[in-house]
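Each chain, letter by letter, is given below.
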Amino acid sequence: MMKAAPMTTGLQRRVSTRLAFLAAGMAMSAWAPLVPFAQARTGVEPGQLGLLLLCLGIGSLLAMPVTGVMAARFGCRRIILASGFGCCLVFPLLAIAPAAWSLALALFLFGTAIGTLDVAMNIQAVIVEKEYGGALMSGFHGLFSVGGIVGAGGMTLMLWAGLDLVAASLVLAVVVALVVAFAGPHLLRDPVPSERDAPLFVVPRGAVVLIGALCSLVFLAEGAVLDWSAVFLTSGGGFTAGQGGLGYAAFAVAMTVGRLNGDKLVHRWGGGRLLLLGGLCAALGFLSVVLAPSPWIALAGFALIGTGASNIVPVLFSAAGNQRDMPASLAISAITTIGYAGILAGPGLIGFVAHAFGLQLAFAGLACGMLLVAASAGMGVASSRSSG
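Residues numbered from 1 in each chain as written. Predicted model: local features only at pLDDT ≥ 70, side-chain atom pairs only at ≥ 80, totals over all residues. Heavy atoms only, no water.

Draft legend 1. Inspection of the overall build of the protein at higher detail. Regarding its fold elements, the protein presents 15 helices and zero strands. Taking 388 residues into account, the globule formula puts the C-alpha radius of gyration at 21 Å, and the protein, at 20 Å, falls close to it. Viewed in the frame of its principal axes, the protein has a C-alpha envelope of about 60 × 50 × 40 Å. The burial tally for the protein puts 53% of its 388 residues in the buried class. Taking all contacts inside the protein whose residues are at least 6 apart in sequence as the whole, residues at least 24 apart take part in 84%. Positive and negative side-chain charges of the protein, numbering 18 and 12 respectively, have mean locations separated by a distance of 11 Å. (Helix = DSSP H or I, 4+ residues; strand = E, 2+ residues; numbered from the N terminus. Rg over C-alpha atoms; globule rule 2.2 N^0.38 Å. Buried < 20%, exposed > 50% of the residue type's maximum accessible area, 1.4 Å probe, protein only. Contact = heavy atoms within 4.5 Å. Lys, Arg positive; Asp, Glu negative; His and termini not counted. Charge placed at Lys NZ, Arg CZ, Asp CG, Glu CD.)

In structure tokens form, the structure reads like this:
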């Protein structure tokens, strides 16, 4: 009986961490179906809408570097609960903001809450994985992907069924709040003793810079598929406008399946080999899209990208928890911030290259980026334990 308690506690912590990732995925993805309604309600042009959407990213980028310090001072539980419930409070505002300025403010607040939750739950995940002594990170991120499907799909179904926009957003917010509440009791209450006195700010250094750069490349690739796959398939890929979303759907499903099986693969092959194989698979996927003789092969290429990229970021987050150049909480903040910058810069960068040289060349460049990720496996990134 004495040995059962730690095992039970460890299981409860793992379940709570998965619930936190599930809640974050639901909250983040549920905003996507609201975008057309927000544009119609505020009357902004597409260019102005793009600027408004940046407010979400700005809020996240400002919150992420601070979250590591907060988690080191107050523990993950307080931060996850505050940011999780904060997402739920702000989300309905996205459905009712009547003007551009109020939508910008709501997006900024929502981005701040999401960014804080993202970093705090990953810090929790790193600590729980260390306590467990085995691979867990891919499974945690897999629940985020599942949450993305549930959030976007659930919101779409409610709106399709005729539910009022505000009522649908309130339902989603309540469901997310319940998930966060169920996670709460077994989240980590106390900060890591060795990180209580961590400095308020540390310039990223050593392995953290490399890990952050690699995360940024992967997030750039993921953002490119999200923003440009439909354009690619419909502009020259042979698909109709109504079929354009199949590319991202294939990518998302493959990524979710890959992450849910990723912990077993890490255990079998190790993080370094998975980084190598994942980078090669994603690069092959982008090349398949570029060179595809038929639209269905291009669709398979997007699935290959999702399969290859699925476990790269979880492996890199685990590496961030193992490195010795910075306190783990500050390292997670740093690589999340650097990586998220790739998501923000991605659409514009891909658009610039596509405008100047064509979308195929832009995707070929992303294949080269994935080959760089694969090459990093030879540098020992996935098992980095450098001693600053």
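Draft legend 2. Up close: the nonpolar core. Ranked by internal contacts, the top residues of the largest apolar core, which has 118 residues, are Trp31 and Phe110. In terms of residue count, the dominant contributor to this core is helix H5 (residues 100-132) (16 residues). (Core = buried A, V, L, I, M, F, W, Y, C linked by side-chain atoms within 4.5 Å.)

Draft legend 3. Broad picture of the side chain of serine 60. Relative to the helices and strands, serine 60 is located in helix H3 (residues 46-74). Beyond its immediate sequence surroundings of up to four residues, serine 60 is in contact with Gly111, Thr112, Gly115 and Tyr340.

Draft legend 4. A look at the packing of helix H8 (residues 207-235) against helix H13 (residues 312-322). Their axes nearest at 10 Å, the elements H8 and H13 cross at an angle of 160°. In terms of orientation, H8 lies roughly antiparallel with respect to H13. The way H8 lies across H13 gives a crossing that is left-handed. Every residue of H13 that contacts H8 at Ile211, Leu214, Cys215, Val218, Phe219 and Glu222 is listed here: Ile312, Val313, Leu316, Phe317, Ala319 and Ala320. Split into classes, the residues belonging to the contact of H8 with H13 amount to 11 nonpolar, no polar and one charged. (Axes fitted to C-alpha atoms, helices over the stretch in contact; angles between N-to-C directions. Parallel < 35°, antiparallel > 145°, perpendicular 65-115°, else oblique. Left-handed = near helix turned anticlockwise from the far one by under 90°. Nonpolar A, V, L, I, M, F, W, Y, C, P; charged D, E, K, R; others polar.)

Draft legend 5. Examining the pattern of salt bridges more closely. Tallied over the entire structure, the rule returns one salt bridge. The partner of arginine 13 in a salt bridge is glutamate 131, and the shortest N-O contact between them spans 2.9 Å. Placement of arginine 13 in helix H1 (residues 4-29) and of glutamate 131 in helix H5 is noted, with a sequence separation of 118 residues between them. For arginine 13, a relative accessible area of 26% corresponds to the partly exposed category. (Salt bridge = Lys/Arg side-chain N within 4 Å of Asp/Glu carboxyl O.)

Draft legend 6. Just the side chain of arginine 14, in detail. One can find arginine 14 in helix H1. It turns out arginine 14 is buried and unbridged, and the closest side chain with the opposite charge, glutamate 131, is 7.6 Å from it. Apart from residues no more than four positions distant in its own chain, arginine 14 is found in contact with Val128, Tyr132, Leu136 and Phe140.

Draft legend 7. View of the packing of aromatic side chains. According to the stated counting rule, one finds six aromatic pairs in the structure shown. Taking 5.8 Å as the distance between ring centres and 15° as the angle between the ring planes, the aromatic pair formed by phenylalanine 21 and phenylalanine 140 counts as stacked. A residue pair is termed long-range when its members are at least 10 positions apart, and phenylalanine 21 in helix H1 and phenylalanine 140 in helix H6 (residues 137-160) qualify at 119 residues. Comparing phenylalanine 21 with phenylalanine 140, the two get one shared label, buried. Ring geometry for tyrosine 248 and phenylalanine 251: centres 5.7 Å apart, planes at 35°, overall tilted. With tyrosine 248 and phenylalanine 251 both in helix H9 (residues 246-260) and three residues apart, this pair spans about one turn of that helix. Under the relative-accessibility criterion, phenylalanine 251 is labelled buried at 3%. An aromatic cluster of at least three residues, connected via ring pairs, comprises Phe232, Phe286, Phe302 and Phe363. (Phe/Tyr/Trp six-rings, centres within 6.5 Å; stacked < 30°, edge-to-face > 60°.)

Draft legend 8. Layout of the state of the cysteines. All chains considered together, the criterion is met by zero disulfides. Unpaired in this structure, cysteine 87 has its nearest cysteine sulfur neighbour in cysteine 88, at a distance of 6.6 Å. For cysteine 87, a relative accessible area of 2% translates into the label buried. Lacking any disulfide linkage, cysteine 281 is separated from the closest cysteine sulfur, that of cysteine 368, by 16 Å. (Disulfide = S-S within 2.5 Å.)

Draft legend 9. Molecular detail of a nonpolar patch on the surface. Where nonpolar side chains cluster on the molecular surface, the patch consists of Trp269, Leu276, Leu277, Leu280 and Leu371 and spans about 400 Å² of accessible area. Here the nonpolar patch gets three residues from one element, more than from any other, and that element is helix H11 (residues 271-291). For leucine 280, the position within the fold is in helix H11. (Patch = residues over 30% accessible without salt bridge, like charges linked within 9 Å, V, L, I, M, F, W, Y side chains within 5 Å. Areas by Shrake-Rupley, 256 points an atom, 1.4 Å probe, with all protein chains shown as cover.)

Draft legend 10. Region of the structure containing the packing of helix H10 (residues 262-269) against H11. Close contact between H10 and H11 brings their axes to 7 Å; oriented N to C, the two are set at 115°. For the pair formed by H10 and H11, the contact residues are Gly262, Leu265, Val266 and Trp269 on the first element and Gly271, Arg273, Leu274 and Leu277 on the second.

Draft legend 11. Main features of the environment of alanine 331. When you line up the elements, alanine 331 lands in helix H14 (residues 328-357). Placed 11 residues apart in sequence, alanine 331 and alanine 320 show a C-alpha to C-alpha distance of 6.2 Å. Beyond its immediate chain neighbours, meaning those up to four positions away, alanine 331 contacts Val208, Ala320, Gln323 and Met326.

That is the geometry; function is a separate question.
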